[in-house]
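Survey of secondary and tertiary structure
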Amino acid sequence: MKRIVTASMNPEVIEAVTKACREYSTFSQSVFGNTEAAISFINFELPEIKIIDYTSPEIDCQKIIDAVRSDSWLHYGGIIAVCKDRTQVHEIEDKKDENILSVMTVSEFSEHCERLLKILHQNQQFLFTRGMQDILGGREEGHFICDNDPMDIKFYTNFLISYLYNTNRISDEDRVMLQMTLMELLMNAVEHGNLNITYEEKTEWLKTGHDIMELIKKKSQEPKYRRRKISISYVLQNKSSAFRIEDDGDGFDWRKMMAESEDTNTNTHGRGISLSRQFVKKISYNDKGNQVTFTIANKINSVNTIPGIMNTFDIIEYKDKDIVCRQDEMSNDLFFIVSGQFAVYVNRHLATVLTPNDMFIGEMAFLLNDRRTATVMAVGNCKLIKVPKTAFLSLIRKNPHYGIFLSKMLAQRLVIQSQNAYIFQQKLDELQNLVKK
């Protein structure tokens with residue numbers, strides 16, 4: 001079961017979450033009207049979703065956000081901020097906090113909360129990702145289907161980008177650029193694809209001082225556009241990530257637009273293709289012009305964030321073929337992988353290769369107080385943080401939530417490995433049955 005912590009004293013906010021949790025029993029809600037109690041719950045229960053209510057004067061929302069930001073490795077993602085008005089929404093959005101998935105007013109939250117939980121329910125694999133990427137095989141694919149609602153689009157975009165960042169596929173700079181690219185292409189799909197808003201129509205609308213969101217809402221209610229959807233597909237691999245956006249519209253002359261995007265465009269809008277091409281590795285359209293595909297290069301073998309508990313220890317650099325530890329030696333230090341690759345040999349045979357997505361080297365000897373079960377050697381230039389067991393245990397006594405987190409991570413790894421073993425056994429049984437026949 002996934003946990004939601006709601007820091008609020010507003011009955012409307014609490015009721016919206018309670019109602020949504022009844023619909024999606026995957027989630028359970030804990031409500032706190034006190035800032036310190038909410039932070040304590042976040043530290044010890046590690047809830048996947050944090051809802052903070054700026055309309056409750058009893059809640060110091062910034063203090064909660066600061067607590068999450070102070071250790072993003074532990075408290076990553078999953079914040080939904082509820083505000084008193086659109087002005088406050090814009091103020092929080094302008095801060096571009098990487099942990100915030102969505103910002104909305106109370107009325108918007110009441111209207112959309114159930115839909116947000118539906119998205120989270122359908123994509124639970126994104127909610128706890130530390131050390132999971134390599135276990136999942138390094139390749140993941142799936143898709144989202146959303147309405148012509150900019151709020152939905154923004155949530156899907158933030159959700160996906162947060163996952164890419166937390167699995168070390170994109171850097172801080174890439175995160176900003178990918179956010180811009182996805183939003184530009186998705187809004188093009190809504191405005192010009194599904195809703196058939198022409199460049200001229202949008203220009204005239206903006207000249208009158210109206211918000212484009214008003215035009216989108218108006219057009220979305222027309223019968224011929226109401227049922228149209230946006231599809232967002234993704235294939236995430238070790239070295240690259242590919243995305244496909246498809247709308248239900250009539251398409252457009254993308255060849256002409258691609259040629260025009262080569263020219264400098266100083267207009268207030270119409271720069272989506274030009275801006276996108278500055279970041280993506282490869283972008284292409286289908287003949288009809290209602291589907292765009294693009295690829296980005298992933299960041300390789302380095303972490304975005306180092307856990308706060310590790311900050312007191314030095315980063316050690318290793319050169320190619322340097323030995324980190326040897327099989328059978330009495331050593332139970334824990335190593336956090338900062339960058340690079342590490343070959344693991346058991347009885348002089350290569351068993352596996354560890355990367356930053358594996359997070360740790362030597363956790364078995366560390367936890368069992370045993371001899372090393374393998375020899376670990378650096379492949380190329382690498383970086384580790386070496387943590388003596390006594391020092392780590394002392395830190396856990398002061399920060400027990402780290403012990404809870406590590407236990408949760410190892411337990412989830414075990415669950416995934418058990419599932420994979422079960423699937424493998426099923427396939428083996430099928431093959432044996434075929435042989436018997």
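Residues numbered from 1 in each chain as written. Predicted model: local features only at pLDDT ≥ 70, side-chain atom pairs only at ≥ 80, totals over all residues. Heavy atoms only, no water.

In this section: the environment of Leu120. By the secondary structure assignment, Leu120 is in helix 5 (residues 106–122). With relative accessibility at 0%, the residue Leu120 sits in the buried group. Taking the C-alpha atoms as reference points, Leu120 and Gly289, 169 residues apart in sequence, are found 30 Å from one another. Sequence-distant contacts of Leu120, that is, excluding residues within four places in its chain, are made with Phe27, Ile49, Leu127, Phe155 and Phe159. (Helix = DSSP H or I, 4+ residues; strand = E, 2+ residues; numbered from the N terminus. Buried < 20%, exposed > 50% of the residue type's maximum accessible area, 1.4 Å probe, protein only. Contact = heavy atoms within 4.5 Å.)

Turning to helix 7 (residues 172–194), a few remarks are in order. In this model helix 7 runs 32 Å from its N-terminal to its C-terminal C-alpha over 23 residues, within 8% of the 33 Å that 1.5 Å per residue would give. With its phi angle positive at about 55°, Asn196 sits one or two positions after the end of helix 7. (Expected span 1.5 Å × (residues − 1).)

Here the structure, examined in full by the defined rule, presents 7 aromatic pairs. Each ring, one from Phe336 and one from Phe360, has its centre 5.9 Å from the other, and the planes form 65°; the classification is edge-to-face. In this pair, Phe336 is assigned in strand 13 (residues 334–346) and Phe360 in strand 15 (residues 360–361), connecting sequence segments 24 residues apart. Phe360 matches Phe336 in its accessibility class, with the two residues each being buried. Feature note: the residues Phe144, Tyr156 and Tyr234 constitute an aromatic cluster, connected by ring pairs. For Arg175, the ring lying beneath its charged end belongs to Tyr165, and the centroid distance is 4.4 Å. (Phe/Tyr/Trp six-rings, centres within 6.5 Å; stacked < 30°, edge-to-face > 60°. Lys NZ or Arg CZ within 6 Å of the ring centre and 35° of its normal.)

Just geometry here; none of it tells us what the structure is for.
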